[in-house]
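Coordinate inspection notes
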Number of protein chains: 2
Amino acid sequence: MNRHQFVSTVAAIGFGAFAAISAAHAQEDTLPSWNDGANKQAIIDFVTAVTTEGGADFVAVGDRIATFDNDGTLWSEQPMYVQLAFALDEIKAMAPDHPEWKTTEPYKSVLDGNMSGLVASGKEGLEKIIAVTHTGMTTDQFEQTVSAWIATAKNPKTDKLDTEMIFEPMVEVIDYLKANDFDVYIVSGGGIEFMRPWTEKTYGIPPENVVGSSVKLKYEVTDNGPVLMREAEIDFIDDGPGKPVGIQKFIGKRPIAAFGNSDGDYQMLQWTTTAPGKRLGMIVHHDDAAREFAYDRDSHFGKLDKAMDDASKEGWHLISMKDDWKQIFPSN
Amino acid sequence: MNRHQFVSTVAAIGFGAFAAISAAHAQEDTLPSWNDGANKQAIIDFVTAVTTEGGADFVAVGDRIATFDNDGTLWSEQPMYVQLAFALDEIKAMAPDHPEWKTTEPYKSVLDGNMSGLVASGKEGLEKIIAVTHTGMTTDQFEQTVSAWIATAKNPKTDKLDTEMIFEPMVEVIDYLKANDFDVYIVSGGGIEFMRPWTEKTYGIPPENVVGSSVKLKYEVTDNGPVLMREAEIDFIDDGPGKPVGIQKFIGKRPIAAFGNSDGDYQMLQWTTTAPGKRLGMIVHHDDAAREFAYDRDSHFGKLDKAMDDASKEGWHLISMKDDWKQIFPSN
């Protein structure tokens, strides 16, 4: 046995035993926060099918792409998107430097906590709020602001940290897919640089696997070295038909599994599940007012209407938070 | 010893022995196509420094990002960019369906092989050629066209396949970085979807690790299912100051090593090497007319002027193809 053979043998024994015992262990503990039922089984059957070598549905490792929406799919989006809460908090934090905001809309409504006033300011008002809170700074500065804010930000209804209001059963799906050599991406309408500072710690998804909406960036060389400035101009909206576009731009491969919760995920689900081969499309349905929130067709945030109507026809699985999930949030 | 301890022990023995012997083996064979000298040593010293746990320059695995330009850095870009050769070949292939091109510029010049006529048609002429050859089809169709073309495309000067005119020493650097747990990206001014069909087979860099210029995509649902149409509108130019922007958009992390060959890589090198910590910036200098091509300040393709002037001041290493590389192209 030469050195190369020795290494191969040691590695093979080590890896082989490890893999066999891991697989047995995984089988027992797969998706522990899920109740047994058709949806849990659909996930396991799908993963088994695409990872069984020699099987009709086998998919090679590099092509095992799974995409997850974020708001309402991986964490709570009620009573408002977390990123909107961030923007409103930033307005309050910046207000001392802007005394004129006390009497100018849409800032006045934000400072007064007057949500209907904010809604009355419309799309234009919201764009102003996003512009002053999300642009005009460097990418580094924005990352620091987001990181500091998310460390303490709480859901106003539950008083829990936003990062504790993530859906444990979905994190288990992410981990299960990763353990089966999937590349897992977030594909969200939310801001890409609002998510990147915390997705790795929170979900185990690193910055380069986050696809989202963006503003234009500009490279500038300052006295303190080069920076990337966040400009007050939309670069890309990663929502609805933008999601397949974002997937192609950033990943360049068509997913084989997609997870969403609203009509904004319709095209991502369609793009994923209409390709030939075994595919998985799932929709988180918020039907658990007792443990989280119950909403769908009439919600301002995470409206689920057409995708629910077409789910059955398209073969998309509706996940009932109430029935399918033993536990919603992590125990820590 | 319980089952978990058993698994850990077996895995640790396997991995440990494997890692130790691999490292010893790697030391002997590191960068075999490079002549011993300051540049080869700089690469090895850099990788050793950032991967030595407990060392002052240690960089965690997820932050070991390296970016490589493509044209002129990983493969030959003379006598013209390969992607331009693709566009001109496509014009010829499409010409039978466009009899009017025989008498209309810039197509006439392309069909006549009249390069100075093409140059005379200017930016507008080139844009027309790119539009008809790169847009108006689905992403799938474009991928198929590129894949079919690249399989047989040859450099007009050497009559070698373009994919054989890759720089073996640079592929060795990619492999060496990957073996040291770097995430390696291509960051090119070329079209992202022109590169993705072949970069994995050619360099070992998968589609999701390719950053490049792009046209806008549009999601459409046809009778045959959804498609992404390539629209005749520029989405992003990944060149010059666009390279740090592309890096931030796609990766969301600042590289610790960057490799280029022209002034179009200036800002990528600057963005990489001005960050705190141990950084590596390298420029491939085409100074080997006998084995490849010799050009720099006056070249239409891959002009290297300001980056060469500033290399010493900025600490960027100039790689001499003539002196640093034992071998330029792969052997078979």
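On a predicted model such as this, the values are computed, not experimentally measured, just so you know. (Residues numbered from 1 in each chain as written. Chains lettered and ligands numbered in written order. Predicted model: local features only at pLDDT ≥ 70, side-chain atom pairs only at ≥ 80, totals over all residues. Heavy atoms only, no water.)

Some words on the sheet that holds strand β5 (residues 257-260) of chain B
Residue and element names in this part refer to chain B. Worth spelling out the cut-off: The rule for pairing is simple: two strands pair if DSSP sees at least two bridges between them. In DSSP terms, a helix is any run of H or I states spanning at least four residues, a strand is any run of E spanning at least two, and both are numbered starting from the N terminus. Angular values range over 0 to 180 degrees, each being the angle between N-to-C directions of two axes fitted as lines to C-alpha atoms, with helices fitted over their stretch in contact.
With mixed pairing, 7 strands are arranged side by side in an open sheet as β4-β3-β2-β1-β5-β6-β7. Every interior strand has two partners, whereas the edge strands, β4 (225-236) and β7 (317-320), have only one. If you compare each strand with its neighbour and ignore which way they point, the axes differ by 35° on average.

Observations concerning the sheet that holds strand β3 (residues 210-222) of chain A
All names here are of chain A. Applied cut-off: Note on contacts: a residue pair is in contact if any heavy atoms of the two residues lie within 4.5 Å.
One open sheet accounts for 7 strands, arranged β4-β3-β2-β1-β5-β6-β7; its pairing is mixed. Sheet topology places β4 (225-236) and β7 (317-320) at the edges, where each strand pairs with a single neighbour. On average, each strand axis in the sheet is tilted by 35° relative to the strand beside it, whichever way the strands run. As defined by bridge partners, strand β1 (residues 65-68) adjoins strand β5 (residues 257-260) across 3 bridges and the pair is classed as parallel. Its bridge partner being in β5, Ala66 is matched across the sheet by Ala257. Lying on the sheet, helix α8 (residues 168-179) is in contact with β1, β2 (183-191), β5 and β6 (280-285); it crosses β1 at an angle near 165°.

Concerning the pairing of β2(A)
Residue and element names in this part refer to chain A. What counts, and what does not: When a residue's accessible area, from a 1.4 Å probe over protein chains only, is under 20% of the maximum for its type it is buried; when over 50% it is exposed; and in between it is partly exposed.
Most of β2 sits inside the fold, with 7 of its 9 residues counted as buried. With 4 bridges joining them, β1 and β2 adopt parallel strand pairing. Within β2, the residue paired with Ala66 across the bridge is Val184. Strand direction decides the pairing type here: β2 and β3, joined by 3 bridges, are parallel. Bridge pairing in β3 links Ile186 to Val210.

Concerning the confidence of the model for chain A
Quick note on the threshold: Scored between 0 and 100, pLDDT is the confidence that the predictor attaches to each residue.
Per-residue confidence for chain A gives a mean pLDDT of 93; residues scoring 70 or more make up 91%. Overall fold confidence (pTM) sits at 0.91, and the ipTM for the predicted complex is 0.90.

Quick look at the environment of Ala258(A)
All names here are of chain A. Counting through the fold element by element, Ala258 comes out in strand β5. Expressed as a C-alpha distance, the spacing of Ala258 and Trp271, which sit 13 residues apart in the sequence, is 9.1 Å. Leave out the neighbours within four places in its chain, and Ala258 touches Thr67, Met268, Leu269, Thr272, Leu280, Gly281 and Met282.

Looking at the side chain of Arg64(A)
All names here are of chain A. What counts is decided by this rule: Neither His nor the chain ends contribute to the count of charged residues, in which Lys and Arg are positive and Asp and Glu negative. Salt bridge criterion: a side-chain nitrogen from Lys or Arg within 4 Å of a carboxyl oxygen from Asp or Glu. Here a polar contact is recorded for every N or O atom pair within 3.5 Å, except that within protein the pair must consist of a potential hydrogen donor and a potential acceptor, and residues adjacent in sequence are included only if both atoms are side-chain atoms.
Note that Arg64 resides in the loop between α2 (38-51) and β1. Among buried charged residues, Arg64 stands out as having no salt bridge; its nearest opposite-charge side chain is Asp181, 4.2 Å away. Side-chain polar atoms of Arg64 contact the backbone oxygen of Asn180, separated by 3.0 Å. Apart from the residues lying within four places of it in its own chain, the contact partners of Arg64 are Val50, Thr51, Phe58, Val59, Asn180, Asp181, Phe182, Asp183 and Ile256.

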